[in-house]
Amino acid sequence: MRLRNIKGARERIANEEKAMETPKEYKGKWGQVFGNNNSIHIEIGMGKGAFITQLANENPDINFIGIEKYSSVLIRAIEKLPLVKNNNLFLIRMDAEEIEDIFEHNEVERIYLNFSDPWPKERHAKRRLTSKEFLARYHQFLTKEGQVIFKTDNRTLFDFTLGQIAIAGWKVESVTFDLHNSKYLEGNVMTEYESKFVALGNPINRVVIYQ
């Protein structure tokens, strides 16, 4: 997908108090940033931010951090910040390959991965956010009781993910190949992509894993 460059995007991020770029100085200090000791949930590859904005509004006692690689996409999430009723959402522009540089051991309780880039070429497999390489990164900062929740309409990526989970030694709490016709649908928050795919009748795969 070709992303349109938006002039001034980086400057706008820099001027937003609740958005930042690869804030390594906050590693181990996110409780201070939020001003409380509430659990931290993050979304990696949040896109335009509709999913995490809704979660932040529905869960005032949880701190949320949305992570997006592209400035031109992140500013669309910044536009939604005024909709957040609580002081519990921060946005970060960064490459997910640096994720363990901004979170300390046991600092994050849940990771959301929604409709991640499938990186279809085999030589790019390690870039997939559910690869064993990324699972090793998440292991560095996820709590003992922590979860990774992954949703996708891409069955090839989903099958790859299930294989990586086994290789990495993680455990599966629940799995479905058709979320919207399963017992796991209650409480599900849809992303923008998910709404489009469901309208087209595409089944949504979801897996919840833990260490």
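Remember, predicted model here, so these are calculated numbers, not experimental data.

It is worth spelling out the packing of aromatic side chains at this point. Tallied over the full model, the rule gives twelve aromatic pairs. Where W30 meets F103, the ring centres are 5.9 Å apart and the plane angle is 40 degrees; that geometry is what we call tilted. Here F103 lies in the loop between β4 (89–93) and β5 (108–114) and W30 lies in helix α2 (residues 30–34), a separation of 73 residues in the sequence. On the basis of an interplanar angle of 75 degrees and a centroid distance of 6.3 Å, the ring pair of Y138 and F141 is categorised as edge-to-face. Residues Y138 and F141 agree in their burial class; the two are buried. Ring pairing ties together the aromatic residues Y26, W30, F34, F90, F103, F134, Y138 and F141, which thus form one cluster. Directly above the aromatic system of F134 lies the positively charged group of R137, at a separation of 4.5 Å from the ring centroid.

Moving on, we get to a nonpolar patch on the surface. A contiguous nonpolar patch, built from V172, V175 and F177 and spanning about 220 Å² of accessible area, is present on the exposed surface. Tracing the backbone through its elements, the reader meets V172 in strand β7 (residues 171–176).

Looking at helix α3 (residues 50–58), one finds that the buried residues are F51, I52, T53, L55, A56 and N57. The inward-facing, buried residues of α3 abut β2 (40–44), β3 (63–68), β4, β5 and β6 (142–152).

Next up on the list: helix α4 (residues 71–78). Working note: α-helix, 3.6 residues per turn, so residues spaced by three or four point in the same direction. Across the eight residues of α4, seven count as buried, placing the element largely inside the fold. Listing the buried residues of α4 in full gives S71, S72, V73, L74, I75, A77 and I78. Taken together, the buried residues of α4 touch α1 (9–14), β1 (19–21), β3 and β4.

Right, let's get into the pattern of salt bridges. Inspection of the entire model under this criterion finds nine salt bridges. Ionic pairing is found between K24 and E98, a salt bridge with its closest N-O pair at 3.8 Å. Note that K24 is positioned in the loop between β1 and α2 and E98 in the loop between β4 and β5, a separation of 74 residues in sequence. By relative accessible area, which is 29% here, E98 ends up partly exposed. E133 serves as the salt-bridge partner of K132, at 3.2 Å between the closest nitrogen and oxygen.

As a further point, take unusual backbone geometry. Even without glycine at this site, T22 takes up a positive phi of about 35 degrees. With respect to the helices, strands and loops of the structure, T22 is situated in the loop between β1 and α2. For F115, which is not a glycine, the phi torsion comes out positive at approximately 50 degrees. Relative to the helices and strands, F115 resides in the loop between β5 and α5 (132–139).

Taking burial as the measure, the five residues of β4 include five buried ones, the bulk of the element. By the alternation rule, side chains of β4 split into L89, L91 and R93 and F90 and I92, which are all buried. Read from β3 through α4 to β4, the crossover connection turns out right-handed.

Another point: the nonpolar core. I42, I44, I65, I67, F103, I111 and Y138 are the most contacted members of the largest nonpolar core, which has 34 residues in total. The dominant element in this core, judged by the number of residues it contributes, is helix α6 (residues 155–168), at four residues. I52, L55, L81 and V84 belong to the second-largest nonpolar core, a separate cluster that totals 22 residues.

As a further point, take the environment of P118. Within the fold, P118 resides in the loop between β5 and α5. Take P118: its relative accessible area is 27%, and that puts it in the partly exposed class. Each C-alpha atom of the pair P118 and T130 lies 9.4 Å from the other, and the pair is twelve residues apart in sequence. With residues up to four places along the chain from it excluded, the contact list for P118 reads R128, N154 and L157.

Analysis parameters
- Residues numbered from 1 in each chain as written.
- Predicted model: local features only at pLDDT ≥ 70, side-chain atom pairs only at ≥ 80, totals over all residues.
- Heavy atoms only, no water.
- Phe/Tyr/Trp six-rings, centres within 6.5 Å; stacked < 30°, edge-to-face > 60°.
- Helix = DSSP H or I, 4+ residues; strand = E, 2+ residues; numbered from the N terminus.
- Buried < 20%, exposed > 50% of the residue type's maximum accessible area, 1.4 Å probe, protein only.
- Lys NZ or Arg CZ within 6 Å of the ring centre and 35° of its normal.
- Patch = residues over 30% accessible without salt bridge, like charges linked within 9 Å, V, L, I, M, F, W, Y side chains within 5 Å.
- Areas by Shrake-Rupley, 256 points an atom, 1.4 Å probe, with all protein chains shown as cover.
- Salt bridge = Lys/Arg side-chain N within 4 Å of Asp/Glu carboxyl O.
- Contact = heavy atoms within 4.5 Å.
- Right-handed = clockwise from strand over helix to strand, strands pointing away.
- Core = buried A, V, L, I, M, F, W, Y, C linked by side-chain atoms within 4.5 Å.

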